[in-house]
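Notes for the structure review
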Amino acid sequence: MYRAAFAYQSKNTRALSFREGDHFTLLDGTDPYWWQVMDHLGQTGYVPANYITKDDLSNDDVIRSIDRAIEFIHLAATEKGGSMSHDQRANLQKLIQHRKSILEGNNQCATPQPKRKAPGLPQQASGEHRQAPPPPTQTSPSSPNAANISRSTRASSKTRSAPKPPQRKESVKARDQTDSSGHRSQSPQTPSNANSLPITRTEPSDVSASHNHNESSASLSPLPEIPSGLLGDLVERVRVETNLSYDLSKLAVKTVLQGVGVAVPQVTETMAEILSSLTTDLNVTSSNIVIEGSRDHDRLEVIFTELTACKDDSQQRSWALHEDEAIISEYLEELISILSDADPRVCQAVVRKDNFECIQNLVLYYQMEHRPSLRLLLLKTFGALCNLDRDALSSLLYSVLPVELARDMRSDQENISKLCYSSLVSTMLLSTGEPLPFTHYDQLHADFIGFLLDNIDQPPSADEMEQVPDLFVNLILAFNLHFRIPADNIVMKVLAERKTAKSFSEKIMLLVNRGVDPVKMFEHSQDTQDSLLKFMGDIFSSPTTSDLFYSNDMKVLIDIVVRQMTDLLPGDQVRTEYLSLILSIFTNTSYWEDCHRLAELEKAFVAIAIEEGKESEQDQMIVREIQKAFGTNFSRTF
């Protein structure tokens with residue numbers, strides 16, 4: 001192992017640049033002036049022999065360094081489809097031989113090394129300086145022709161001086177002196193003909209690999225101190241300058257830093273260190289993000305203040321001031337944009353102030369504002385707030401907004417766009433299944449469910465795209481989540497009285513067949529109960545409501561249940577709900593008249609019954625209940 005005694009910056013494409021303290025694995029030292037090495041980043045190239053010195057490391061450290069170099073060669077070959085170049089194979093062979101010699105106790109380089117000349121001194125007034133051959137050409141240094149090439153280059157008039165190591169003490173005058181021929185001595189960092197004879201170099205494969213394999217040089221050349229919260233500040237700057245969303249701004253910063261780290265090896269470690277803060281500075285619980293004083297924070301404060309003033313103005317007058325419609329629209333559109341694109345933690349910090357007072361002011365303003373365009377923008381704002389987090393959604397749910405939306409849907413069915421948004425926001429509010437305030441049932445009652453079912457069967461004439469029926473089905477599914485006991489379920493009571501709901505049942509079966517719950521809209525509420533499974537369980541809990549589904553629909557449902565019980569693992573709550581559903585179908589329908597797929601169901605029950613582990617206990621209890629009630633219909637006991 002060798003260590004750089006001085007820093008060196010090369011303009012030659014086949015020579016390596018390095019910092020003082022960097023470590024190298026020697027690949028070829030036959031040339032007295034330029035040695036072929038591999039650095040800690042996996043780059044292969046030539047370095048001035050008088051700039052590096054032998055580093056007395058333990059054999060274990062040397063072996064680890066050689067193993068890292070071998071790993072870099074294999075990694076570079078893998079990126080090119082697994083094929084190695086001639087130079088890579090030659091370097092790999094040298095590393096393997098070197099490793100073998102270390103393990104055998106011969107701590108020598110695999111290639112014979114000549115005695116190295118002492119580092120050259122700065123030129124004196126006499127102008128004498130040492131001539132040295134340039135770095136070897138593209139021919140491999142270990143090839144038989146290397147010596148001939150070296151001799152021919154010495155005879156050439158285009159030879160250059162080997163770079164001199166910089167003096168530890170001040171020697172500016174010596175460097176500036178000229179020789180007797182009138183030529184200025186070359187700077188130690190800039191050898192003559194620096195751009196000739198390009199040297200192949202292997203770039204690091206990526207920033208993270210460079211960071212992971214640079215531990216040995218880190219202790220000798222410490223990284224600059226990186227300010228806390230730097231990445232958050234960079235993301236904020238990109239968002240301000242480009243108006244990209246927070247997520248896209250974060251991606252842009254990450255991409256740029258990675259690109260710089262790959263293109264400029266000297267800053268690879270620094271870029272990797274900054275990028276590592278993606279999981280610290282920008283994680284969910286970090287306090288190193290820009291909140292107070294950020295553009296989004298300040299704009300939200302201004303917008304909520306202005307909208308509160310609009311609410312107060314509306315309370316003081318009984319007519320709409322239409323001249324302010326464009327201004328209010330602009331505020332609301334900007335508010336929707338920030339809630340959708342900004343860092344959610346910044347929005348939460350503003351919205352949560354004073355126990356969600358800004359949300360309550362928006363709801364009151366919605367009640368007072370009757371202009372359709374502004375009401376539509378307010379509905380979109382409520383949707384963005386629901387998506388922000390669970391607490392903001394709960395604040396809206398416990399306000400008068402659900403009641404106001406239900407009243408608005410029934411009173412204004414001509415504005416289809418507003419009707420659709422009112423239904424969508426209502427579904428969002430009800431999607432968590434949280435208990436509703438008792439006063440909400442003054443509007444969310446049986447007549448409201450009947451209104452929804454009527455419009456599913458016969459959509460409004462203005463609804464040319466037929467969006468209303470699908471949105472109303474989702475709203476019924478969300479509302480049904482709030483009833484734990486089927487006997488008290490308003491939705492089930494209305495359906496039992498109707499006795500037929502052809503369009504509604506068809507749409508429900510389409511959703512069941514797709515296997516996607518349309519009510520689960522938010523990442524923050526993925527733990528809620530599956531609305532489709534709960535609805536089907538409630539429907540088949542009574543013989544009266546079971547009749548709403550035709551025999552063919554029930555067969556399709558059983559096909560889905562068989563597939564799910566076979567695929568789902570023990571402990572999965574969905575499998576438990578499917579088992580409860582099949583028990584209800586056995587109990588409350590005419591299933592036993594045709595026994596659709598009974599053999600497959602029996603096989604699934606047997607498999608569940610012999611499972612081991614506590615996670616299967618609930619499912620096994622349902623299977624035993626099925627055996628007890630309908631055991632005579634099966635061919636065996638389970």
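Note that the structure is a prediction, hence the values are computed from the model and not measured.

Looking now at the pattern of salt bridges. When the charged atoms of two side chains lie near each other, side chains of opposite charge can form a pair. Per the stated rule, a full pass over the model turns up 30 salt bridges. Two residues, Arg 371 and Glu 369, come together in a salt bridge whose shortest N-O distance is 2.8 Å. Owing to a relative accessible area of 8%, Arg 371 belongs among the buried residues under this scheme. A relative accessible area of 4% places Glu 369 in the buried class. With its nearest N and O atoms 2.7 Å apart, the salt bridge here joins Lys 502 to Glu 506.

The next subject is helix α7 (residues 230-242). Look at α7: 18 Å from first C-alpha to last across 13 residues, which is about the 18 Å you get at 1.5 Å a residue. Buried within α7 we find Leu 231, Gly 232, Val 235, Glu 236 and Arg 239. Each buried residue of α7 sits inside an arc of 140 degrees when the element is viewed along its axis, so together they form one side. In α7, the exposed positions that point more than 90 degrees away from the buried face belong to Arg 237 and Glu 241.

Moving on: the packing of aromatic side chains. Within this structure, the stated rule accounts for 23 aromatic pairs. Each ring, one from Phe 18 and one from Tyr 51, has its centre 6.5 Å from the other, and the planes form 80 degrees; the classification is edge-to-face. On the criterion of sequence distance, the pair formed by Phe 18 in the loop between β1 (2-4) and β2 (23-28) and Tyr 51 in the loop between β4 (44-48) and β5 (52-54) is long-range, its members being 33 residues apart. Comparing Phe 18 with Tyr 51, the two get one shared label, buried. Measuring from centroid to centroid gives 6.0 Å for Phe 605 and Phe 634, while their planes differ by 80 degrees, and the two rings are edge-to-face. With a gap of 29 residues between them, Phe 605 in helix α26 (residues 598-609) and Phe 634 in the segment after α27 (617-630) connect regions that are remote in the sequence. The buried category is assigned to Phe 634, whose relative accessible area is 8%. A connected cluster of aromatic rings, assembled from ring pairs, spans Phe 586, Tyr 591, Trp 592, Phe 605, Phe 630 and Phe 634. The ring of Tyr 366 has Arg 375 sitting right over it, with the charged end atom 4.0 Å from the ring centre.

Calculation criteria
Residues numbered from 1 in each chain as written. Predicted model: local features only at pLDDT ≥ 70, side-chain atom pairs only at ≥ 80, totals over all residues. Heavy atoms only, no water. Salt bridge = Lys/Arg side-chain N within 4 Å of Asp/Glu carboxyl O. Buried < 20%, exposed > 50% of the residue type's maximum accessible area, 1.4 Å probe, protein only. Helix = DSSP H or I, 4+ residues; strand = E, 2+ residues; numbered from the N terminus. Expected span 1.5 Å × (residues − 1). Arc of directions from axis to C-beta. Phe/Tyr/Trp six-rings, centres within 6.5 Å; stacked < 30°, edge-to-face > 60°. Lys NZ or Arg CZ within 6 Å of the ring centre and 35° of its normal.

Purely spatial values, then, with no claim about function.
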